Amino acid sequence: QVRLVESGGGLVQPGGSLRLSCAASGTTGSIVAMSWYRQAPGKQREMVAVIISGGSTTYADSVKGRFTISRDNGKSTVDLQMNSLKPEDTGVYYCNVRTVVWNIFWGQGTQVTVSS
C-alpha cells in the first residue's frame with residue numbers, strides 16, 4: 001500500500017506560479033512512476049506530467065514549457081512546479097503512483113484556481 005498526501009494548491013493570478021508537492025509513504029520502494037493528473041469542473045481527469053524511475057518525463061502538450069515535474073527518491077516525494085499559469089489550468093490536481101506490480105494509488109487532490 002502507498003499513501004499519498006498532496007499540498008501546495010491555492011488561488012493564483014494568471015501568469016503566476018505555484019508548486020505542488022506530493023509525499024508518499026508505505027511501500028514506496030515499489031514505485032516505478034509518479035504522476036500528476038488534474039480534473040477541471042465538468043471535464044475528465046487528464047494526465048499533466050509523469051516521471052519514471054529512470055528520470056524520464058512526459059508532459060501534456062498544454063503544459064509543456066510551463067510545468068516541471070521532479071522527484072526526490074530519497075524522500076519519496078514528487079513536485080510539480082507550475083509557471084505562467086492560465087485560467088484553463090484551474091482544477092483539482094491529483095498525485096498518482098504506479099508500482100512495479102501495476103497497482104495504482106491516488107492522493108486526495110488539491111485545488112488550484114487561476115483567476116484574477
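Predicted model only: the values in this text are computed from it and were never measured. (Residues numbered from 1 in each chain as written. Predicted model: local features only at pLDDT ≥ 70, side-chain atom pairs only at ≥ 80, totals over all residues. Heavy atoms only, no water.)

Novice: Residue-level account of the packing of aromatic side chains, with values.
Specialist: For any two aromatic rings, the description comes down to two numbers: the centre-to-centre distance and the angle of the planes. Within this structure, the stated rule accounts for two aromatic pairs. Ring geometry for Tyr 37 against Trp 106: centres 5.0 Å apart, planes inclined by 70°, an arrangement best described as edge-to-face. In this pair, Tyr 37 is assigned in strand β4 (residues 31–39) and Trp 106 in strand β10 (residues 104–106), connecting sequence segments 69 residues apart. Taking the relative accessible area as the measure of exposure, Trp 106 reaches 38% and is therefore partly exposed. Seen in terms of ring centroids, Tyr 94 and Trp 106 are 6.4 Å apart; in terms of plane orientation they differ by 90°. Their pairing is edge-to-face. Here Tyr 94, found in strand β9 (residues 91–99), pairs with Trp 106, found in strand β10; they are 12 residues apart in sequence, far enough to count as distant. Judged by relative accessible area, Tyr 94 falls into the buried class, the value being 13%. (Phe/Tyr/Trp six-rings, centres within 6.5 Å; stacked < 30°, edge-to-face > 60°. Helix = DSSP H or I, 4+ residues; strand = E, 2+ residues; numbered from the N terminus. Buried < 20%, exposed > 50% of the residue type's maximum accessible area, 1.4 Å probe, protein only.)

Novice: Could you give an account of the sheet that holds strand β8 (residues 77–82), with specific residues and numbers?
Specialist: Reading across the sheet, the four strands line up as β1-β3-β8-β7 and stay open at both edges, with antiparallel pairing between neighbours. Across the chains shown, the open sheet's two edge strands, defined by having one partner strand only, are β1 (2–7) and β7 (67–72). If you compare each strand with its neighbour and ignore which way they point, the axes differ by 15° on average. Examined bridge by bridge, β7 and β8 share six bridges and lie antiparallel to one another. Bridging across to β8, Phe 67 finds its partner in Met 82. (Pairing = 2+ DSSP bridges. Axes fitted to C-alpha atoms, helices over the stretch in contact; angles between N-to-C directions.)

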